[in-house]
Structure formats: C-alpha cells, structure tokens
Amino acid sequence: LRVGPRSLVEGCLAMLAGLVIVAALAALTAPSVLAVSLALIPFGIGQGRIMAPLSSLVLAGTPPAQVGSASGVLVTSQQVANAVGVALAGALYFSTLAGATPLAALLATFAGLALAIGATMVFLARLIPHTP
C-alpha cells in the first residue's frame, strides 16, 4: 500500500466534507444541478482516495494464484454492499418522509450516511496497521 492507511482516513474525511456541503446547500437554498455537481467533487475525491488503496490492501496478502478469485469476491462484495447501502438510505429517507418534510427526510438521510462514513473511517483507522 504505497499511499498508506492515512489516505483511507483522508478519503473518508473528504467524503464527509462533500456530504456536509451538499446538505448545507439543500438546507439553505434550492440548489441548481451545477451547484450540487460542484459540491459533490470532494465526495468523489474521497471515493477515489479510498477505493483503489482499499482494493490494493485487500488483495496484497492474496497468493498470486488466487488473485483473480479474490478480486471477483471483492467486486461482488462491493456490489452487494452498494445495493444494501442504497436500500438502507432509501428506507431511511422514506420512513422519515412519512412524518416530516422532504428536506427533513433528506437531511436525516445525509446524517445517516455521515454516521456510516464516520464509522467506516474509525474502523479503517483501527484495522489497518500504521506504518512509519
């Protein structure tokens, strides 16, 4: 892992920053598509700082003869996790929407996403050995 575990934590922080910016835009204005797109740039940078190093970290300890299989399991796990995450975010949004305004439901969903990203950041920071 050339960039080190710090990159993963920095990626989570960038994702949180992007989420906060989008939430603030939604709460304070009726943002345009361009404004939301620009606000999502830190989130995308954070994703980039996480996905490639995390994949490298997961596959680093895999014997060369099993890298193809391990890569397939990794990608499948990512897809399942993405589907579950979208389902949970949708469930949170629509369950909150039943008793609140659309903006309140959106902000509650963003809060849930922020908690999930924060928990992931703590998990990664503790799981991955720190190298000098």
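See the structure shown above.
Asker: Quick rundown of the pattern of salt bridges? Include the residues and the values.
Answerer: This structure, assessed with the given rule, holds one salt bridge. With its nearest N and O atoms 2.3 Å apart, the salt bridge here joins Arg 49 to Glu 10. On the criterion of sequence distance, the pair formed by Arg 49 in helix H3 (residues 41-60) and Glu 10 in helix H1 (residues 5-28) is long-range, its members being 39 residues apart. Residue Arg 49 is classed as partly exposed on the basis of its relative accessible area of 32%.

Asker: Got a sec to walk through the layout of surface pockets? Specific residues and values, please.
Answerer: Taken as a whole, the largest pocket holds about 1000 Å³ of empty space. Around the largest pocket, the lining is made up of 28 residues, and of these Met 15, Gln 47, Ala 81, Asn 82 and Thr 120 lie nearest the centre. Looking at the lining of the largest pocket, the elements with two or more residues in it are H1, H3, helix H4 (67-97) and helix H5 (102-127). When the residues that make up the lining of the largest pocket are grouped by side-chain class, the tally is 20 nonpolar, eight polar and no charged.

Asker: Could you give an account of H3, with specific residues and numbers?
Answerer: Here H3 spans 29 Å end to end across 20 residues, near enough to the 28 Å set by a 1.5 Å rise per residue. Inspection of H3 places Gly 46, Ile 50 and Pro 53 among the buried residues, and these make up the whole buried set. Buried residues of H3, viewed axially, fall in a sector of 95°; they line one side. In this structure, the buried side of H3 is in contact with H1.

Calculation notes
- Residues numbered from 1 in each chain as written.
- Predicted model: local features only at pLDDT ≥ 70, side-chain atom pairs only at ≥ 80, totals over all residues.
- Heavy atoms only, no water.
- Salt bridge = Lys/Arg side-chain N within 4 Å of Asp/Glu carboxyl O.
- Helix = DSSP H or I, 4+ residues; strand = E, 2+ residues; numbered from the N terminus.
- Buried < 20%, exposed > 50% of the residue type's maximum accessible area, 1.4 Å probe, protein only.
- 1 Å grid on protein atoms, 1.4 Å probe; cavity = no way out; pocket = protein on both sides within 12 Å on 5 of 7 lines; lining within 4 Å.
- Points joined across faces, edges and corners; volume = space filled by probe spheres on them.
- Nonpolar A, V, L, I, M, F, W, Y, C, P; charged D, E, K, R; others polar.
- Expected span 1.5 Å × (residues − 1).
- Arc of directions from axis to C-beta.
- Contact = heavy atoms within 4.5 Å.

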